[in-house]
Structures are given as C-alpha cells and as structure tokens.
Amino acid sequence: MSDITQLLQAAQGGDRAATDALLTALYADLRRLARSHMRRSGDHTLLNTTALVHEAWIRVSGAEGKVFPDRGRFFAYAASAMRAVVIDLVRARQAERRGGGQDVLTLNTNIAESIPGQDDDILHVHEALEDLAQLEPRLAQVVEMRYFAGLSEPEIAAALGVTDRTVQRDWQKARIFLADALKR
C-alpha cells in the first residue's frame, strides 16, 4: 500500500495529523490539477490557482461519507470539487450581473449582445455533463477524471475497475454525446 493510500485511510479515520500530512503530500499535485483546470477554463473565474485548490480542499476534506481507497479516486473527486467551485462561482457572478434581485435597466441591447457568453459556455458544458451523468454515470466519471483531473487512461481504468480499452470507448462515446449536446 502506498504512503498516500495509508494517509487517505488514516485521514478518513479522523486522524488530524494524517489530514495535514495528506495535504502537504498532495498539494503540488492539486496545484498542477488546478492550474490545468484554470488553463482550460480561461478567464472565466476570478479565482487563482491557490484559491481554487483551497476551495476544493475545503469541499474534499468536508465530504461526509466519501471513501477514497486510492490516489486516483481521490483526484477524481478533487477534480469534480474544483469543477463545482468554478460552476458555483460562475452562477454567483451571473446572478450578480443580472442584478441580484435589483431592477435591471438596459440602455443599449447591442452592447449586451456583443459581450461573449463565456460564463454561459461553462454552464452549458456543466449542464451537458449533468445530462450525461444521468444517462451514463461512468461516461461522466471518465470525462471528469480525464478532463478535469488530468488522469491517464490506465489511472482511470484502475480507479473505475475497468480495462483501458473500456475507458477509451467511454471517452469516445462521451465526446460524441457532449459535442451533440453543446450544438443545441
């Protein structure tokens, strides 16, 4: 059993020292994951890499009943936590932009139409991924692990208990589904 797996098990058992050691051991990998996620999402968030790691860590460490038997599953969950942080931030910013309950006064609709809908794009991808998760949960997990966590096909296969070829087929199916869903 690897050191990370032992730390994960001890941290889940309530060992505070193990939780601190786990964060120290995984911090560089979490920053790499967050940097990758931020690069893909562009300037859609006001978070920096450190803030995204910390927000995601709060969600991961507070996850009641979640069991992470290995490093791959931990990073898969961390990737989905980072995605949730970004989605929540975009939704809050859109609510704020739409007035947050205040009366909206638009003086010139041409200006509003010329602003790129980057936040809307993130929400469309999120909604498409949610639809995929309802139809084929494993396909959505493959997308999260590959795209958001940056895991390789063998790591995803090990985390899900399937073969590499199954992960490849799932990735192809998921890409087709998401491309079709985003065209609508």
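Everything numeric here is computed off the predicted structure, so don't read it as measured data. (Residues numbered from 1 in each chain as written. Predicted model: local features only at pLDDT ≥ 70, side-chain atom pairs only at ≥ 80, totals over all residues. Heavy atoms only, no water.)

### Points about helix α8 (residues 153–160)
An α-helical segment advances 3.6 residues per turn. Residues three or four places apart therefore align on the same side. Within the span of α8, buried status applies to I156, A157 and A159. Buried residues in α8, looked at end-on, bunch into an arc of 165 degrees, giving them a common side. Just downstream of α8 lies G161, where phi reads positive at about 75 degrees. (Buried < 20%, exposed > 50% of the residue type's maximum accessible area, 1.4 Å probe, protein only. Helix = DSSP H or I, 4+ residues; strand = E, 2+ residues; numbered from the N terminus. Arc of directions from axis to C-beta.)

### Thoughts on the packing of aromatic side chains
Across all of its chains, the model carries two aromatic pairs by this definition. Both rings, one in F74 and one in F75, keep their centres 5.4 Å apart while their planes meet at 80 degrees; by these two values the pair is edge-to-face. The structure contains a cluster of three or more aromatic residues connected by ring pairs, namely W57, F74 and F75. (Phe/Tyr/Trp six-rings, centres within 6.5 Å; stacked < 30°, edge-to-face > 60°.)

### A short note on the side chain of H126
Structurally, the position occupied by H126 is in helix α6 (residues 118–135). On the basis of relative accessibility, which here comes to 12%, the residue H126 falls in the buried class. A polar atom in the side chain of H126 sits 2.8 Å from the side chain of R83. Of the polar contacts made by the side chain of H126, one reaches the side chain of R91; its length is 3.4 Å. (Polar contact = N/O pair within 3.5 Å; in protein donor to acceptor, adjacent residues only side chain to side chain.)

### Some remarks on empty space enclosed by the protein
Counted by the stated rule, this structure contains one cavity of 30 Å³ or more. The space that makes up the largest cavity amounts to roughly 30 Å³. Forming the walls of the largest cavity are L30, V53, A56, W57, V60, A78 and M82. Counting residues per element, the ones that place at least two in the lining of the largest cavity are α3 (49–61) and α4 (71–97). If you tally residues by element for the lining of the largest cavity, the top one is α3, at four residues. When the residues that make up the lining of the largest cavity are grouped by side-chain class, the tally is seven nonpolar, no polar and no charged. (1 Å grid on protein atoms, 1.4 Å probe; cavity = no way out; pocket = protein on both sides within 12 Å on 5 of 7 lines; lining within 4 Å. Points joined across faces, edges and corners; volume = space filled by probe spheres on them. Nonpolar A, V, L, I, M, F, W, Y, C, P; charged D, E, K, R; others polar.)

### A few points about a positive patch on the surface
On the surface, R32, R35, R39 and R40 cluster together to form a positively charged patch. Within the secondary structure layout, R32 lies in helix α2 (residues 16–41). Of the residues examined, R32 reaches a relative accessible area of 40% and is grouped as partly exposed. (Patch = residues over 30% accessible without salt bridge, like charges linked within 9 Å, V, L, I, M, F, W, Y side chains within 5 Å. Areas by Shrake-Rupley, 256 points an atom, 1.4 Å probe, with all protein chains shown as cover. Salt bridge = Lys/Arg side-chain N within 4 Å of Asp/Glu carboxyl O. Lys, Arg positive; Asp, Glu negative; His and termini not counted. Charge placed at Lys NZ, Arg CZ, Asp CG, Glu CD.)

### Let's talk about the environment of R146
Relative to the assigned elements, R146 resides in helix α7 (residues 137–148). Here R146 falls in the partly exposed class, since its relative accessible area comes to 29%. In the structure, R146 is positioned 10 residues away from I156 in sequence and 7.4 Å away in space, judged by C-alpha atoms. Excluding residues that lie within four positions of it along the chain, R146 makes contacts with R40, L151, E153, I156 and W171. (Contact = heavy atoms within 4.5 Å.)

### Some words on the confidence of the model for the protein chain
One rule of thumb: low pLDDT means the predicted coordinates there are not for detailed reading. Here the protein chain averages 78 in pLDDT, and 82% of its residues register 70 or above. In the model of the protein chain, helix α5 (residues 109–114) stands out as the element of lowest mean pLDDT, 42, in contrast to helix α9 (residues 164–183), which has the highest, 90. Between residues 104–116, whose pLDDT stays under 50, and residues either more than four places distant or in other chains, the model counts one contact. (pLDDT = per-residue confidence, 0-100.)

### Focus on the packing of α7 against α8
Running from N to C, α7 and α8 point in directions that differ by 135 degrees, and their axes come no closer than 10 Å. Here α8 runs oblique to α7, going by the angle between their axes. Crossing of α7 against α8: the hand is right-handed. Of the residues in α8, those touching α7 at R138, Q141, V142, M145 and R146 are E153, I156, A159 and L160. When its residues are assigned to classes, the contact of α7 with α8 shows five nonpolar, one polar and three charged. (Axes fitted to C-alpha atoms, helices over the stretch in contact; angles between N-to-C directions. Parallel < 35°, antiparallel > 145°, perpendicular 65-115°, else oblique. Left-handed = near helix turned anticlockwise from the far one by under 90°.)

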